[in-house]
Amino acid sequence: MRQLLNRFCLLLLCISVAGTASFAQDTTTTSVDPTLLGLEAGRPKEYTVRSVSVTGANFLDTAIVISISGLQAGDKIQIPGSDVFSKAIANLWRQRLFSNIQIFITSIEGDAITLEIAVQERPRLGNFKFEGIKKSDAEELQGKIGLSKSTIITENTRRNATEVIQKFYAGKGFRNVQVRIEEKPSAGLANSNDITIYVDRGSKVKVNQVSFYGNENISDLKLKKEMKGTKEMSKLTLNPAKSSSPFGTNDRISFNEWAGNWGFLSFSKTKAFLDPYVRFKLFSGAKFDAKKYEEDLEKVLDYYNAQGYRDAQIEDTAMYYTSDGNLNIDVKVNEGRKYYFGNIAFRGNTKYSDSVLNAFLRIRKGDTYNLSVLNKRLGKELSAEGGDISGLYMDDGYLFFRADPVETSVYNDTIDYEIRLVEGPQATIKNVNIYGNDKTKDYVIRRELRTMPGDKFSRSDLIRSQRELSQLQFFNQEKINPGVNPNQEDGTVDINWNLEEKSSDQLELSAGWGGGIGLTGTLGVTFNNFSIRNIFKKETWDPLPSGDGQKLSLRVQSNGRAYRSYNFSFTEPWLSGKKRNPLTISLYNSKFANVYDPLTGQISKEAGNNSYLRTVGVGLSLGKQLKWPDDYFSLMYSLNYTQYKLKNYAFQGFGFDNGTSNNVSLKVALQRSSVFDPQFPTSGSNMTASVQFTPPYSLFNKDLLTSGNQFKNPEYHKWRFNAEWFVPIGRAKGEDKNRQFVLKLAAKYGFMGRYTKKLDFSPFERFQVGGDGLTNNQGILGYDVIALRGYPVFQTSNPAINPDLSQASEYFTIFNKYSMELRYPIVRSAASTIYALTFFDAANGWKNFQEYNPFRLRRSVGVGMRFFLPMFGMLGFDYGIGLDRINPAEKGLKNASKFTFMLGFEPE
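Criteria and thresholds
Residues numbered from 1 in each chain as written. Predicted model: local features only at pLDDT ≥ 70, side-chain atom pairs only at ≥ 80, totals over all residues. Heavy atoms only, no water. Patch = residues over 30% accessible without salt bridge, like charges linked within 9 Å, V, L, I, M, F, W, Y side chains within 5 Å. Areas by Shrake-Rupley, 256 points an atom, 1.4 Å probe, with all protein chains shown as cover. Salt bridge = Lys/Arg side-chain N within 4 Å of Asp/Glu carboxyl O. Lys, Arg positive; Asp, Glu negative; His and termini not counted. Charge placed at Lys NZ, Arg CZ, Asp CG, Glu CD. Helix = DSSP H or I, 4+ residues; strand = E, 2+ residues; numbered from the N terminus. Phe/Tyr/Trp six-rings, centres within 6.5 Å; stacked < 30°, edge-to-face > 60°. Buried < 20%, exposed > 50% of the residue type's maximum accessible area, 1.4 Å probe, protein only. Lys NZ or Arg CZ within 6 Å of the ring centre and 35° of its normal. Axes fitted to C-alpha atoms, helices over the stretch in contact; angles between N-to-C directions. Parallel < 35°, antiparallel > 145°, perpendicular 65-115°, else oblique. Contact = heavy atoms within 4.5 Å. Nonpolar A, V, L, I, M, F, W, Y, C, P; charged D, E, K, R; others polar. Polar contact = N/O pair within 3.5 Å; in protein donor to acceptor, adjacent residues only side chain to side chain. Pairing = 2+ DSSP bridges. Core = buried A, V, L, I, M, F, W, Y, C linked by side-chain atoms within 4.5 Å.

> Just checking my understanding: could you explain a positive patch on the surface for this structure?
Side chains of Lys 134, Lys 172, Lys 204, Lys 206, Lys 222, Lys 225, Lys 228, Lys 287, Lys 292 and Lys 299 sit close together on the surface and give a patch of like positive charge. Of all the secondary-structure elements, those providing two or more residues to the positive patch are α6 (220–226) and α9 (290–306).

This is the structure we're talking about:
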């Protein structure tokens, strides 16, 4: 039929849109003389569409194609003069599903016509692969590009793949990436093409040199320090203090080139040779990142503004490639004039006087102009540290307070300001709502809050409440952000705490070797959000009843016959539920046996029953939160009883090997903690001062001075002081707030005394110094274990003696320890906290004051990592080098270094 129509020119309209091999669009409209339809020239005729059919659609539903085209049976179409057909083709072409679209009139019967939409579908993706790149890069790019089998291949598909690949490698420093995409029909698949993406990364483009022009008042070095994302390549730069260079007149040369020319293979020798002549700038990242470069230019302007140059501008920048394909960057700046603060006046303040506000503003006439500092002191840039004018008002309920700095005059280099204050009414907290706590009871959260209904609003109380919730460790710390909803009409505010719970229970499963007993296994579990009141309610067990904020800990250690230890503790953090008065009950039972038969040297059950040391103990502690000097202080009282039973078990310097010793002591500790995040503190401090003492038995029982068993009731007094400070290093802004160096400084001291010199020091409760900080079999004697990374446990205070002993036989009554760590967070999230550190430690122990020398310390340096996982607690390792263990006669550090592993807690 169609052939007859074609032959008699009844093909009335043919509109063709064809895609070329490069997916370009060609639209061709073929018109037909109206007289061939029996029409008079210039007089259109209306036709009715009888039916519409689709040909060429092998994968798409024909009904959908007809629907998209907009053509339907019954439509009225005037020929010529109607644009129905061109609109139908446009509708279909926008879907990017076809490479060719045609509309035919296949029959005419009176005023009725039949239409056919002929389409050619675009090919679909069969297989695809990358060539010229690593497998890991290919896997990552596959996810970014979003290619998958049966995806329709369009020009947009090609363009998107090219752009994604180029952007991906641009972030890695490859600026000249070439991408070529080849298509070929898939074997055995109709209308499918396979794609091969060829990628040529080229050479990595590095920043060879950054040069500044027009900076007369601020040096290049200071400006380059602000460009943290645009670093220069490693260079050896001529020291201007020297008039000559060992490599001639060139003032810059790559290190590798210079070392190759001069034949130096040792970096240390090279550096030593060049130190008088050059300044080293090695090991710095130098890849070029366009996004970071733009950010760095803004940082340069911010730095200028902070120095008073508020009119500073980047006038022009230029980039050009060097002969080796790297990048030179030129930045031209216009510094402008340096400005200073002039007179600053306050308007609208009725609550506080100008003198009080000036004390908080801390800006005087003549200070360098810095708008950022002004805004921060006004509180326009919120800070957890407080100390700003906005915080002063908001801590007294003025939630609606506003401070607007307005320039009143600019003369020469001086700027006067007027601070216009809107104090507003004091706001009262109306509702405090808590959301997201599926496990933790509401009252456990509310008792930690300082924001109670009916109280005046206080920003510092809000921040403190956030800290207290963070300290619980029950919630994702990144999500503890209160929603403050003020209602200015009635002067109230609603606070909505949206929380996200996380797992806080911890499992300890480990094995260790040493202590003279061989392999020892440890199994422990700690439930940090336990509920003892629901222990008999089966429906609350998941796996144990939880939600009341109590702590239950169980721990078992065993070596089999030689050693075993059981520990149990329970803590109620709010005794009576009204105040933060924690109550802790602990029980412990340990036994260390000499299981080796003295005659045969074999393990014997009988030998273990005849020679052992066993301890049984119970502890009760009660704490109280103080309000003076501030409410970061707390006072802790601990009453402990430990029974030591020895049977044919001798320790050198211990004093006895048979008998029972009953140790009863009272400990009083004054503590202060102001850290925000215990997993990775970024500010604040921890301090503890404690004294532990026994009754002075010798004062009441003179027989102890002459009896052979003076340790039946040991007596002593022990003093401890620990202090830790956390100091953020550098500036952290925006996303970099979780990427900030933190310096930890720590000092620890301990001293054990006796009531009378007629009695020896107690063999219990002494100090073990050195080692990894983990208790071995000696820990059952109640020693305080003081770690020193890079050293084994040692028994002498003389650093000249290498303490490489498997076991120490005597322990100290005095110790000092100092530590400094520089930490950097790698991951900070609800799922885990990971950070790297480098450290310097110094510590030593002494047996009496005659030996004591606070300047004689064993020193170590090293690096380490910490991993905090909610299920396992703290995991970590350190590699320490004992500086006083280094033997100049030996090569390397094999006998002067030590790996330290930890699980569950941070050693003291």
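> Is there a simple way to explain the packing of aromatic side chains in this structure?
Each aromatic ring pair is summarised here by two numbers: the centre-to-centre distance and the angle between the ring planes. For the coordinates displayed, the defined rule picks out 25 aromatic pairs. With a centroid separation of 6.3 Å and 70° between ring planes, the pair formed by Phe 474 and Phe 475 is classed as edge-to-face. An identical accessibility class is assigned to Phe 474 and Phe 475; each is buried. Among the aromatic residues, ring-to-ring pairing joins Tyr 352, Tyr 393, Tyr 398 and Phe 401 into one connected group. The side chain of Arg 122 reaches across the aromatic face of Trp 93, ending 5.5 Å from its centre. The cationic tip of Arg 180 hangs over the ring face of Tyr 198; the distance from NZ or CZ to the ring centre is 4.3 Å.

> How should the environment of Ile 463 be read in this particular structure?
Examined against the element boundaries, Ile 463 turns out to sit in helix α14 (residues 459–472). Between the C-alpha atoms of Ile 463 and Phe 676, which are 213 residues apart in sequence, the distance is 10.0 Å.

> It is not clear to me how the packing of helix α2 (residues 62–69) against helix α3 (residues 84–93) should be interpreted in this structure. Could you clarify?
For any two helices packed against each other, one specifies the crossing angle of their axes together with the interaxial distance. The N-to-C vectors of α2 and α3 enclose an angle of 120°; their axes lie 8 Å apart at closest approach. Classified by the interaxial angle, the pair formed by α2 and α3 is oblique. On the side of α2, the interface is formed by Val 65, Ile 68 and Ser 69, while α3 contributes Ala 88, Asn 91 and Leu 92. Each residue belonging to the contact of α2 with α3 can be placed in one class, and the counts come to four nonpolar, two polar and no charged.

> Sorry, what's going on with the side chain of Glu 572 here?
With respect to the element layout, Glu 572 can be found in strand β25 (residues 563–572). Separated by 2.6 Å, the side chains of Glu 572 and Gln 550 make a polar contact. In contact with Glu 572, other than residues within four places in its own chain, are Arg 447, Gln 550, Asn 581, Pro 582 and Leu 583.

> Would you take a moment to explain the sheet that holds strand β21 (residues 492–498) for this structure?
Hydrogen bonds along the backbone pair up the strands of a sheet, which may run parallel or antiparallel. The three strands are arranged β19-β21-β20 in an open sheet whose pairing can be described as mixed. Single-partner strands in this sheet number two, and they are β19 (428–435) and β20 (481–487). The sheet shows a mean angle of 20° between the axes of neighbouring strands, direction not considered. Here α14 sits on the sheet in contact with β20 and β21, set at roughly 20° to β21.

> Just checking my understanding: could you explain the nonpolar core for this structure?
Nonpolar side chains tend toward joint burial in soluble globular proteins. The biggest cluster of nonpolar side chains holds 25 residues, and the ones touching the most others in it are Leu 115 and Ile 117. At the level of elements, β3 (45–55), α2, β4 (76–79), α3, β5 (98–109) and β6 (112–121) are the ones that each hand at least two residues to this core. If near-sequence neighbours (up to four positions away) are discounted, Ile 117 is found in contact with Val 52, Ser 53, Val 54, Thr 55, Ser 69, Leu 71, Leu 92, Gln 102 and Ile 103.

> Got a minute to help me understand the side chain of Lys 817 in this structure?
Examined against the element boundaries, Lys 817 turns out to sit in strand β35 (residues 814–828). Buried charged residue Lys 817 carries no salt bridge. Nearest counter-charge: Asp 841, at 4.9 Å. Looking at Lys 817, its side chain comes within polar contact range of the main-chain oxygen of Ala 787, at 2.8 Å. Residues contacting Lys 817, with those up to four places away along its chain left out, are Ala 746, Ala 747, Lys 748, Ile 786, Ala 787, Ala 842, Ala 843 and Glu 908.

> What's the story with unusual backbone geometry in this structure? I'm lost.
Most peptide bonds take the trans form, and the phi angle of most residues other than glycine is negative. Residue Trp 628 is joined to Pro 629 through a cis peptide bond whose omega torsion reads 5°. You will see that Glu 765, though not glycine, has its phi angle at about 65°, which is positive. Within the secondary structure layout, Glu 765 lies in the loop between β32 (741–753) and β33 (767–769). Relative accessible area serves as the criterion here: at 10%, Glu 765 is assigned to the buried category.

> Where do I start with the environment of Trp 719 in this structure?
Along the chain, Trp 719 turns up in strand β31 (residues 717–729). Residue classification places Trp 719 among the partly exposed positions, given a relative accessible area of 44%. With 95 residues separating them along the chain, Trp 719 and Ile 814 place their C-alpha atoms 9.5 Å apart. Beyond its immediate sequence surroundings of up to four residues, Trp 719 is in contact with Ser 690, Val 691, Tyr 749, Gly 750 and Phe 751. Separated by 3.0 Å, the side chains of Trp 719 and His 717 make a polar contact.

Geometric values such as these leave the question of function open.
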